[in-house]
Amino acid sequence: MRKNMDIFLILVVAMAGLLLMPACRQTYDPPAISNQAQHLVVEGFINNGGDSTIITLTHTYLLQATAEVTPELHATVSVEGKDNSVLPLVEIGKGSYGASLGPLTPGVPYRLHIKTTSGKEYLSDYVSQKNAPPIDSVNWIQSDTGIRIFVNTHDPLNNTRYYRWDYQETWEFFSPFTSDLILRPSDTTVIGRDSTNVLIFHCWHHDQSTAIFLGSSARLSTDLISLAPLLTIPAASQQISVEYSILVRQYALSAEAYAWWQNLQKNTELTGSIFGIQPTINNGNIHNTTDTNDVVIGYIGVGTVQTKRIFISRDQVSNWHYLTDCEEYSIVNNKDSLYVSYERGELITGKAPYPDTTHYYTSTKTCVDCTLTGSNQKPSYWP
């Protein structure tokens, strides 16, 4: 045995509490919430810039429900200007609708218009465009706990004051073990990997933020945000085993939008994530056109989004001792042993060296096939 030694979906869920009684405990479902378990959740931002506008429609569910989040499919979604312009969005799958709208007409307020297949119709309030100033920098500091990443920005015109950020992460990594061989289960024969499945040891993992990051300079004399914390990459984690990148997006908010996001942020502090159970219904600026009792979760904003990407390589950090618990196992080179290994979900990492050709080495799939946790397609922005 050898050991490897170095290596805005916003979900608002109806609250279900417990009513404690002296002799028993009963489930308590607030009627106003229980009667409307399937609230529409609208996530997105009307982008006045080069990037596409993406709007995602899903539904909430009760705490007791075990079903997955339900997307709103085959809806008709468009962006409408107060100048009577209509910009349709195209369904792109899993409840998401998008299009590149290009530069919007300056000074024109816009709103979101949704029609579902069930006949419901929703409109957001008209929202004035609020363009974010550029991000000054995204920097990082290494400490004993890992890498802490911060964002810095300012508006020289003192017009922004309220900010929100999210981010996308990408990191390059290698499987602890490589595999040039594969078991053909039909006849339990070991063959070489072909071009369609040989590149399974070098991958990139993509992730995105789920927490809410806000900043305000409303109480300051200058519109300046310095060292706003975004995230901490744990020490010795896979993220910086080779190369890491983060793309930070910056949004300018109105005072009303900031208050809405701040309320959602406070709620999620009780659960640890925006995917957790929300203790209160957080109404936004989207409404059912005919039913005022139909609560809609989400807040639509309009404006330009500023972005900045940075890279952090293994060479830039010190003492980043990334290790895995992956191991290789020796198995006898016969059909029975090979098939048992295959049934256990193991992959062959190599043949025992000559002259000991009576054994193979294997390991678990996640220690060999990086495509189980990432993609072997190199991103276009990667160095």
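Look a little higher up for the structure.
Residues numbered from 1 in each chain as written. Predicted model: local features only at pLDDT ≥ 70, side-chain atom pairs only at ≥ 80, totals over all residues. Heavy atoms only, no water.

### A few points about the overall build of the protein chain
Quick reminder of the rule: Helix numbering and strand numbering both begin at the N terminus, where a helix is a DSSP run of H or I of at least 4 residues and a strand a DSSP run of E of at least 2. Working definition of accessibility: Shrake-Rupley area with a 1.4 Å probe, residue cover restricted to the visible protein chains.
A tally of regular secondary structure across the protein chain gives three helices and 28 strands. When the accessible surface of the protein chain is summed, it comes to about 19,600 Å², and 52% of that surface belongs to carbon and sulfur atoms.

### Some remarks on the side chain of Glu169
Convention followed: Three exposure classes are used, based on accessible area relative to the maximum for each residue type with a 1.4 Å probe and protein chains only: buried under 20%, partly exposed in between, and exposed over 50%. The charge count includes Lys and Arg as positive and Asp and Glu as negative, but it does not include His or the ends of the chains. Between Lys or Arg on one side and Asp or Glu on the other, a salt bridge is scored when a side-chain nitrogen of the former is within 4 Å of a carboxyl oxygen of the latter. By the criterion applied in these results, polar contacts are pairs of N or O atoms within 3.5 Å in which, for protein atoms, one can donate a hydrogen and the other can accept it, and in which residues neighboring in sequence qualify only through two side-chain atoms. We call two residues in contact whenever any of their non-hydrogen atoms come within 4.5 Å of each other.
Tracing the sequence through the fold places Glu169 in strand 15 (residues 162-174). Buried charged residue Glu169 carries no salt bridge. Nearest counter-charge: Arg309, at 10 Å. A polar atom in the side chain of Glu169 sits 2.7 Å from the side chain of Tyr244. Excluding residues that lie within four positions of it along the chain, Glu169 makes contacts with His205, His206, Asp207, Leu231, Tyr244 and Ser245.

### Some words on the sheet that holds strand 13 (residues 135-143)
Basically, it comes down to this: Strands pair, by our definition, only if DSSP identifies at least two bridges between them. Note on geometry: axes are C-alpha line fits, over the in-contact stretch for helices, and angles between N-to-C directions span 0 to 180 degrees.
Taken in spatial order, the three strands of this open sheet run 13-14-20, and their pairing is antiparallel. Each having just a single partner strand, strand 13 and strand 20 (224-234) make up the two edges of the open sheet. Averaged over all neighbouring strand pairs, the angle between strand axes comes to 20°, with direction disregarded. Inspection of the sheet shows strand 13 paired to strand 14 (residues 146-154) by eight bridges, in the antiparallel sense. Across the sheet, residue Ser143 finds its bridge partner in strand 14, namely Gly146.

### Thoughts on the state of the cysteines
For clarity, the cut-off: The definition used for a disulfide is geometric: two cysteine sulfur atoms within 2.5 Å.
The full count for this structure, using the stated rule, is two disulfides. Disulfide pairing is shown between Cys203 and Cys370; the S-S distance is 1.9 Å. Taking the torsion about the sulfur-sulfur bond, which here is approximately 65°, the covalent link between Cys203 and Cys370 counts as right-handed. In this pair, Cys203 sits in strand 18 (residues 202-208) while Cys370 sits in the segment after strand 28 (359-364), placing the two residues 167 residues apart along the sequence. For the pair Cys203 and Cys370, one class covers both residues: buried.

### So, a nonpolar patch on the surface
Heads up, the condition is: For patch detection, residues must exceed 30% relative accessible area and be free of salt bridges, and they are connected within 9 Å for like charges or within 5 Å for nonpolar side chains (Val, Leu, Ile, Met, Phe, Trp, Tyr).
Taken together, the side chains of Ile54, Val90 and Ile92 make up a nonpolar region of the molecular surface, amounting to roughly 260 Å² of accessible area. Structurally, Val90 is set in strand 9 (residues 86-93). Overall, the relative accessible area of 52% leaves Val90 in the exposed class.

### Quick notes on the pattern of salt bridges
By the definition in use, this model includes six salt bridges. Arg249 serves as the salt-bridge partner of Asp166, at 2.7 Å between the closest nitrogen and oxygen. Taken together, the residues Asp166 in strand 15 and Arg249 in strand 21 (residues 243-252) connect sequence positions 83 residues apart. Neither Asp166 nor Arg249 differs from the other in exposure class; each is buried. We note a salt bridge from Arg184 to Asp187, for which the minimum N-O separation is 3.0 Å. Classification of Asp187 as partly exposed rests on a relative accessible area of 31%.

### Focus on the environment of Asp144
For Asp144, the location among the structural elements is in the loop between strand 13 and strand 14. When its relative accessible area of 79% is taken as the criterion, Asp144 is described as exposed. Sequence separation between Asp144 and Asn319 is 175 residues, and the spatial gap between their C-alpha atoms is 9.8 Å.

### Concerning helix 3 (residues 335-343)
With a side-chain oxygen lying 3.3 Å from the backbone nitrogen of Asp336, the N-terminal cap of helix 3 falls on Asn334. Looking one or two residues beyond helix 3, the residue adopting positive phi is Gly345, at roughly 85°.

### A short note on the packing of aromatic side chains
Note the threshold: Note on ring pairs: Phe, Tyr and Trp rings are taken, using the six-membered ring of Trp, and paired if centres are within 6.5 Å. Classes follow the plane angle, with under 30 degrees stacked, over 60 edge-to-face and the rest tilted. Only when the NZ atom of a Lys or the CZ atom of an Arg is both within 6 Å of the ring centre and within 35 degrees of the ring normal do we say a charge sits over the ring.
Going through the model one piece at a time under the given rule, you end up with twelve aromatic pairs. Measuring from centroid to centroid gives 5.6 Å for Tyr167 and Phe213, while their planes differ by 45°, and the two rings are tilted. You can see Tyr167 sitting in strand 15 and its partner Phe213 sitting in strand 19 (residues 213-216), a full 46 residues away along the chain. The residues Tyr167 and Phe213 share a single accessibility class, namely buried. With 6.5 Å between their ring centres and 80° between their planes, Trp204 and Trp382 make a pair best called edge-to-face. Of this pair, Trp204 sits in strand 18 while Trp382 sits in the segment after strand 28; the two residues are 178 residues apart in sequence, bridging distant segments of the chain. Residue Trp204 is classed as buried on the basis of its relative accessible area of 4%. Given a relative accessible area of 8%, Trp382 falls into the buried group. Ring-pair connections join several aromatic residues into one group, and the members of that group are Trp204, Phe311, Tyr381 and Trp382. Sitting above the plane of the Tyr251 ring, Arg164 keeps its charged end 4.2 Å from the centroid. Its guanidinium or amino end placed over the ring of Trp261, Arg164 lies 4.1 Å from that ring's centre, counting from NZ or CZ.

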